[in-house]
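Residue-level listing of the chains:
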Amino acid sequence: MDTRSSAPVIDAPDQSSSGGGTLRPIRSLLRGLKCLTVLNTKDGVTVTEIAQAAKLPRTTAHRILETLCEGGYVVRDAADDRYRATIQVRALSDGFGDQSWVREIARPALSALCAKVIYPVAIATPSGLTMLVRDTTDRESPLALERFSAGVRMPLLTSAAGRLYLSLCPANHRRSLLDVLQRTGDGLSAGGLRDRAGFERELTDIQTRGFALFHRMPQPEATVAVPIYAQQSLTAILQMRFIASALTPKEIAATYVPQLR
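Residues numbered from 1 in each chain as written. Predicted model: local features only at pLDDT ≥ 70, side-chain atom pairs only at ≥ 80, totals over all residues. Heavy atoms only, no water.

Undergrad: I would appreciate a short explanation of the layout of surface pockets in the present structure.
TA: Unoccupied space between atoms shows up once a probe the size of one water molecule is rolled over them. Quantified by volume, the largest pocket comes out at close to 560 Å³. Around the largest pocket sit 29 residues that line it, and Phe 148, Met 154, Arg 216, Thr 223 and Arg 241 are the ones nearest its centre. Of the residues belonging to the lining of the largest pocket, the class tally is 16 nonpolar, 7 polar and 6 charged. (1 Å grid on protein atoms, 1.4 Å probe; cavity = no way out; pocket = protein on both sides within 12 Å on 5 of 7 lines; lining within 4 Å. Points joined across faces, edges and corners; volume = space filled by probe spheres on them. Nonpolar A, V, L, I, M, F, W, Y, C, P; charged D, E, K, R; others polar.)

Set out below in structure tokens:
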């Protein structure tokens, strides 16, 4: 956080170990987190609105928002001059509270599906500028050319799961993500979003189909992905890796997509 307008807040020796006191809090960090909390509850705010909600001077609120933009957690929409949280904010809660549904619901379903389709299947959720694999059946599938484990991250731009998520997530989230990706790249592969208009047309086609196919040449494996909804809300992405030379896109759409769904 930008602390140029305030005095250093950690300016005393650490006396906590000797019982003489505790470290002073980094108040600029607390103010930044408070702004993020406000942003998470609204679909865009102005500097004045965030200053009022967080009880901060307007200049301080503006510097905090611009700092969060620099970090990729917030984006300013030039259309209405409002600040919106990006999907990268969700990376701050990775690993919290969602292990039970993976273990109790997803794992048995993934194992049963793998036994049916033979190819390795996995479940992934958005995490910042990536898709995070929560569970996979790579070690159960005899057709997995490579064996990956839970925790692997896939780029949004160059993975079936990432493209499907971008095509189906709320429009303001997609816009914010593409803004950040266009400016910074996806962090996991060479290059960023060079042809945004062309990529958005691809996302429209994926949205119409309801599933995504992606083959990163010259890799021997390709991937097909379908969405997982809970109470009409996009919750995760289910994907299957397959040997690209063994199946055509038409065969995937006719035989495997219905089984994944």
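Undergrad: Is there a simple way to think about unusual backbone geometry in this case?
TA: A negative phi angle is the norm for most residues apart from glycine, just as the trans form is the norm for most peptide bonds. Each neighbour pair has its own omega, and for Met 217 with Pro 218 the value is 5 degrees, a cis peptide bond. Looking at the element boundaries, Pro 218 is found in the loop between strand S6 (212-214) and strand S7 (221-230). Positive phi, close to 55 degrees, is recorded for Lys 55, a residue that is not glycine. By the secondary structure assignment, Lys 55 is in the loop between helix H2 (47-54) and helix H3 (58-70). With phi around 75 degrees, Ile 118 is a residue other than glycine that occupies positive phi space. Take Ile 118: it is sitting in the loop between helix H4 (99-117) and strand S3 (121-127). (Helix = DSSP H or I, 4+ residues; strand = E, 2+ residues; numbered from the N terminus.)

Undergrad: Whenever I open this one, empty space enclosed by the protein confuses me. Can you help?
TA: Under the counting rule described, the total for this entry stands at 1 cavity of 30 Å³ or more. Lining of the largest cavity is provided by Val 75, Arg 76, Asp 77, Arg 84, Arg 175, Ser 176 and Asp 179. Mapped by element, the contributors of at least two residues to the lining of the largest cavity are strand S1 (74-77) and helix H6 (171-184). Classifying every residue of the lining of the largest cavity gives 1 nonpolar, 1 polar and 5 charged.

Undergrad: Is there a simple way to think about the sheet that holds strand S8 (residues 233-243) in this case?
TA: Across a sheet, strands are paired by hydrogen bonds formed along the backbone, either parallel or antiparallel in direction. Across the sheet, which stays open at both edges, the 6 strands sit in the order S5-S4-S3-S8-S7-S6 with antiparallel pairing between neighbours. Pairing within the sheet leaves two strands with one partner each, and these edge strands are strand S5 (153-155) and S6. Shown here is a sheet whose adjacent strand axes are inclined to one another by a mean of 35 degrees, direction ignored. Here S7 pairs with S8 via 10 bridges, running antiparallel. Residue pairing for S8: Ala 225 is matched across the bridge by Gln 239. (Pairing = 2+ DSSP bridges. Axes fitted to C-alpha atoms, helices over the stretch in contact; angles between N-to-C directions.)

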